Amino acid sequence: MSESMRVRRCAVLMIEPRERLELDVAGLFGGAQALKATCQWIALAPHLDAEIEIDEAELAALGRLGETPWQEYVTLASAMPPGVLDRLLEKGLAIGDSARYADIRTRDENVRACYWKPLSAVAHTFSRWSEAGVDDDVRITPHRTLVDLIREYGLPPPHLTERAAANERIGLPASDGSALDALFRRRATCRNFDTQAPLDFSVFGDMMKRVFGCHAATELAPGAVALKKSNPSGGSLHPLEAYLLVRRVENLEPGLYHYHVTDHALEPLALLQPAEAETNARRFVANQDFFADAPVQIALVARFRRTFWKYRNHPKAYRAIVLEAGHVSQNLYLAATELGLGAYVTAAINEIDIEKAFALDALQESPIAVCGFGARAARRSMVELDPLEAVWDADGVRR
Ligand SMILES: Cc1cc2nc3c(=O)[nH]c(=O)nc-3n(C[C@H](O)[C@H](O)[C@H](O)COP(=O)(O)O)c2cc1C
């Protein structure tokens, strides 16, 4: 180790005391508790993108390392039990200023430069999936019916909240006659796409313009351009980009694309064989085949730096971006419904696989949700919530 090296802690670090439960057979037969709990210290540092187990000496040493000032390695090491500082350096939790630690230092500097609020960075990084399938989670697999869930969990909390007696409520007028009312009533998450029909190119273009395009780009200060889009955006910064996986759209080869917002154009990133496109589609939506069937999938990818430029280390900034994805997806549903198409949104996505496919660095740009749209199948085979029979008739035939 270079004697002249200086060291500081990584910028963002949370420590979780984690319990691991094991069946204690000896204890069980000895009349004691059947479950044995062991506790671990888990370091959650987003720049490492992996959980790191640490011991108590390392935990105590981390408590003595500042994240801002650089300190002499020699002085620090001599104040800790032997080997502890070296282990923290090797684990990437302590950062050295020598060439040996250049890669990890760059990742740490990227986190600093992005102005992440530490809690948000940890929540974001460690809730991402890779190669997961919804069936992996036995609690929410689509093959588990509502009746199964109620049998195990009891009834869910009631479907509404009541805070006053019925005779104290003030009735409100309601219109159900406008075109918008009719549109809302026909909106339903589509899990039954036509698996063959290509999407008409002009319909595809209209959808992209309405949902992801801009109506104006205006320079608010020299070099600072604001976009006017269909959805509201925290700080007017519009951090969400559309990254597309095209399977069946007229005039487009199957592949990966990025939407250029002011040119209203697609930027081809990689062409895919139809089978590869299908594999990617499934992986993106965690094996929800009924969504992967859509002719086009769109990852709503946040550019964190854009929003955090204004809302630096802000506790609400990440939340604002997540909310914004909801606005965009609702617009996508409504635009699709108006055109007689089906649409979906899902948060059950393999963020890490999507980042790899589009070459994104998770702490700079990462998907918040995936949406898709396209023609519905003639008959319904997967469940949809359509109690008004606005989309399907009683026999499951498309209206
Ligand atoms: C943020 C979000 C995530 C969702 N994720 C899934 C999902 O992973 N799988 C799925 O089948 N539906 C998903 N949905 C759709 C909901 O299941 C659907 O909205 C709900 O059942 C009500 O049906 P409706 O949209 O037709 O009114 C999601 C909806 C939202 C808003």
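Before reading further, recall that the structure is shown in the block above.
Computed from a predicted model, the values in this text were never measured in an experiment. Counting restarts for each chain: residues are numbered from 1 in the order of the written sequence. Thresholds applied to this predicted model are a pLDDT of at least 70 for local features of residues and 80 or more for the giving and counting of side-chain atom pairs; totals over whole chains, interfaces and linings are not thresholded and use all residues. In computing side-chain properties, one takes all heavy atoms of the structure into account and sets aside hydrogens as well as water.

Focus: the site of the ligand
Then step 1. We call a residue near a molecule or strand whenever a single non-hydrogen atom of that residue lies within 4 Å of it. The local shell around the ligand consists of Arg187, Ala188, Thr189, Arg191, Gln288, Phe290, Phe291, Val345, Thr346, Ala347, Ala348 and Leu385.
Then step 2. Think of a polar contact as two N or O atoms within 3.5 Å of one another; within protein, one of them needs to be a possible hydrogen donor and the other a possible acceptor, and neighboring residues in sequence only count if both atoms come from side chains. In the model, an oxygen atom of the ligand is placed 2.7 Å from a nitrogen or oxygen of the arginine 187 side chain.
Then step 3. Notes on the ligand: free accessible area 620 Å², of which the protein chains cover 58%.
Then step 4. We call Asp, Glu, Lys and Arg charged. Ala, Val, Leu, Ile, Met, Phe, Trp, Tyr, Cys and Pro are nonpolar, and the rest, Gly among them, are polar. Tallied by class, the residues present in the shell around the ligand amount to seven nonpolar, three polar and two charged. Accessible areas in this description were obtained via Shrake-Rupley with a 1.4 Å probe; residue shielding takes into account the shown protein chains only.

Digging into the sheet that holds strand 9 (residues 240-246)
Then step 1. As summarised here, the arrangement of the six strands in space is 11-10-9-12-14-13, forming an open sheet in which the pairing is antiparallel. Sheet topology places strand 11 (265-271) and strand 13 (342-346) at the edges, where each strand pairs with a single neighbour. The average undirected angle you get between the axes of adjacent strands in this sheet is 25 degrees.
Then step 2. We treat two strands as partners when DSSP finds at least two bridges between them. Numbering of helices and strands runs from the N terminus, with a helix taken as a DSSP run of H or I at least four residues long and a strand as a DSSP run of E at least two residues long. As judged from the six bridges shared by strand 10 (residues 255-260) and strand 11, these two strands associate in the antiparallel manner. Note on strand 11: the bridge partner recorded for leucine 256 is alanine 270.
Then step 3. Packing against the sheet, helix 10 (residues 274-284) makes contact with strand 9, strand 10 and strand 12 (296-303), and its axis sits at approximately 135 degrees to strand 9. Each axis is a line fitted through C-alpha atoms, and for a helix only the stretch in contact is used; angles between axes span 0 to 180 degrees, taken between their N-to-C directions. The contact criterion used throughout is that any non-hydrogen atoms of two residues lie within 4.5 Å.

Digging into the environment of cysteine 190
Then step 1. As for its position among the elements, cysteine 190 is in the loop between helix 8 (179-186) and helix 9 (201-212).
Then step 2. Cysteine 190 sits 194 residues away from glutamate 384 along the chain, and the two C-alpha atoms are 6.7 Å apart.
Then step 3. When residues no more than four places from it in sequence are discounted, the contact partners of cysteine 190 are Phe291, Gly342, Ala343, Tyr344, Arg376 and Glu384.

A few points about the pattern of salt bridges
Then step 1. Definition used for salt bridges: Asp or Glu carboxyl oxygen within 4 Å of a side-chain nitrogen of Lys or Arg. Under the definition given, this model contains 20 salt bridges.
Then step 2. Between arginine 9 and glutamate 67 there is a salt bridge, with its nearest N and O atoms 2.8 Å apart. Linking arginine 9 in strand 1 (residues 6-9) with glutamate 67 in the loop between helix 2 (56-62) and strand 5 (71-72), this pair joins segments that are 58 residues apart in sequence.
Then step 3. In this structure, the salt-bridge partner of glutamate 278 is arginine 247, at a minimum N-O distance of 3.8 Å. You can see glutamate 278 sitting in helix 10 and its partner arginine 247 sitting in the loop between strand 9 and strand 10, a full 31 residues away along the chain.

Thoughts on the state of the cysteines
Then step 1. For this text, the term disulfide refers to a pair of cysteine sulfurs within 2.5 Å. Enumeration according to the criterion identifies zero disulfides in this entry.
Then step 2. For the unlinked cysteine cysteine 214, the closest cysteine sulfur is that of cysteine 371, found at 19 Å.
Then step 3. For the exposure calls, accessible area comes from a 1.4 Å probe over protein chains only, and a residue counts as buried if that area is under 20% of its type's maximum, exposed if over 50%, partly exposed in between. On the basis of relative accessibility, which here comes to 8%, the residue cysteine 214 falls in the buried class.

Looking at the packing of aromatic side chains
Given two aromatic rings, one states the distance between the centres and the angle between the planes to describe the pair.
Then step 1. Two aromatic rings from Phe, Tyr or Trp, using only the six-membered ring of Trp, form a pair when their centres are within 6.5 Å; if the ring planes differ by under 30 degrees the pair is stacked, by over 60 it is edge-to-face, and anything between is tilted. Within the structure shown, the criterion is met by 11 aromatic pairs.
Then step 2. With 5.8 Å between their ring centres and 25 degrees between their planes, phenylalanine 304 and phenylalanine 308 make a pair best called stacked. Of this pair, phenylalanine 304 and phenylalanine 308 both sit in helix 12 (residues 304-310), four residues apart, roughly one helical turn. You'll find phenylalanine 304 and phenylalanine 308 in the same group, each marked buried.
Then step 3. Ring pairing ties together the aromatic residues Trp116, Phe304, Phe308 and Tyr318, which thus form one cluster.

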